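Summary of the model geometry
For reference, the chains in residue letters:
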Amino acid sequence: MSNIVNEFNAYRSKMNDAILADNNKIIKRIFNLDTNAFTEGALDKKTKELLGLVASTVLRCDDCVKYHLESSHKAGLNKEEVVEALSIATLVGGTIVIPHLRKAYEYWDALEGK
């Protein structure tokens, strides 16, 4: 897997461990809620990941976009499905989202080993 993927995952893991080590009840509950929100329910995991990807793109959170791209990749979504979701995000978010769209394309290519 690409260096940008490995670097992101290592940093995310390290910092999540540091945050959770403080044992703050509210933060732990938010992390738990986030984890549970993306499990199978009335909506399947793939749909939830695409929703997370769109929201993250519109909110311009590059770390969140990377997380949802990787989760989408692991869930078996293909590039065409992801790009369609990103096109909706760009429509909703407007042209200010385009720099984040570029980063999303770069990260997806890294996930696919390109």
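Read on for an overview of the structure. (Residues numbered from 1 in each chain as written. Predicted model: local features only at pLDDT ≥ 70, side-chain atom pairs only at ≥ 80, totals over all residues. Heavy atoms only, no water.)

This part takes up the overall build of the protein. Each helix and strand counted, the protein has six helices and zero strands in total. Taken from the N to the C terminus, the helices and strands of the protein come in the order α-α-α-α-α-α. Taking 114 residues into account, the globule formula puts the C-alpha radius of gyration at 13 Å, and the protein, at 14 Å, falls close to it. Summarising its shape, the C-alpha atoms of the protein cover approximately 40 × 35 × 30 Å along the three principal directions. Within the protein, the proportion of its 114 residues that are buried is 28%. As displayed, the protein offers around 7200 Å² of accessible surface, 57% of which is attributable to carbon and sulfur atoms. (Helix = DSSP H or I, 4+ residues; strand = E, 2+ residues; numbered from the N terminus. Rg over C-alpha atoms; globule rule 2.2 N^0.38 Å. Buried < 20%, exposed > 50% of the residue type's maximum accessible area, 1.4 Å probe, protein only. Areas by Shrake-Rupley, 256 points an atom, 1.4 Å probe, with all protein chains shown as cover.)

So, about the nonpolar core. Within the largest apolar cluster, 14 residues are counted, with the highest numbers of intra-cluster contacts made by Leu-53, Leu-69, Val-82, Leu-86, Tyr-107 and Leu-111. Residue assignment for this core shows that the elements contributing at least two residues are helix H1 (3–21), helix H4 (62–74), helix H5 (79–93) and helix H6 (98–111). In terms of residue count, H6 provides more of this core than any other element does, six residues in total. Setting aside anything within four residues of it in sequence, one finds Leu-53 in contact with Val-65, His-68, Leu-69, Val-82 and Leu-86. (Core = buried A, V, L, I, M, F, W, Y, C linked by side-chain atoms within 4.5 Å. Contact = heavy atoms within 4.5 Å.)

Here H6 is 14 residues long and its end C-alpha atoms lie 20 Å apart, about the 20 Å a rise of 1.5 Å per residue gives. Among the residues of H6, His-100, Leu-101, Ala-104, Tyr-107, Trp-108, Ala-110 and Leu-111 are the ones counted as buried. In this structure, the buried residues of H6 make contact with H1, H4 and H5. Gly-113, located one to two residues past H6, shows a positive phi value of around 75°. (Expected span 1.5 Å × (residues − 1).)

Contact pair H1 / H4: the axes reach a minimum separation of 11 Å and the direction vectors enclose 110°. Looking at the two axes, H1 sits roughly perpendicular to H4. Residues Val-5, Phe-8, Asn-9 and Arg-12 of H1 lie in contact with H4, whose contacting residues are Asp-63, Lys-66, Tyr-67 and Glu-70. Looking at the contact of H1 with H4, its residues break down into three nonpolar, one polar and four charged. (Axes fitted to C-alpha atoms, helices over the stretch in contact; angles between N-to-C directions. Parallel < 35°, antiparallel > 145°, perpendicular 65-115°, else oblique. Nonpolar A, V, L, I, M, F, W, Y, C, P; charged D, E, K, R; others polar.)

A few words on the pattern of salt bridges. Taken as a whole and assessed by the stated rule, the structure comprises five salt bridges. Salt-bridge contacts for Asp-62 lead to Lys-103; the nearest nitrogen and oxygen are separated by 3.1 Å. Of this pair, Asp-62 sits in helix H4 while Lys-103 is found in helix H6, placing the two residues 41 residues apart along the sequence. Its relative accessible area of 18% is what places Asp-62 among the buried residues. Put simply, Lys-114 and Glu-112 hold a salt bridge, and the shortest N to O gap is 3.2 Å. With a relative accessible area of 67%, Lys-114 lands in the exposed category. (Salt bridge = Lys/Arg side-chain N within 4 Å of Asp/Glu carboxyl O.)

Keep in mind that these numbers describe shape and distance, not what the molecule does.
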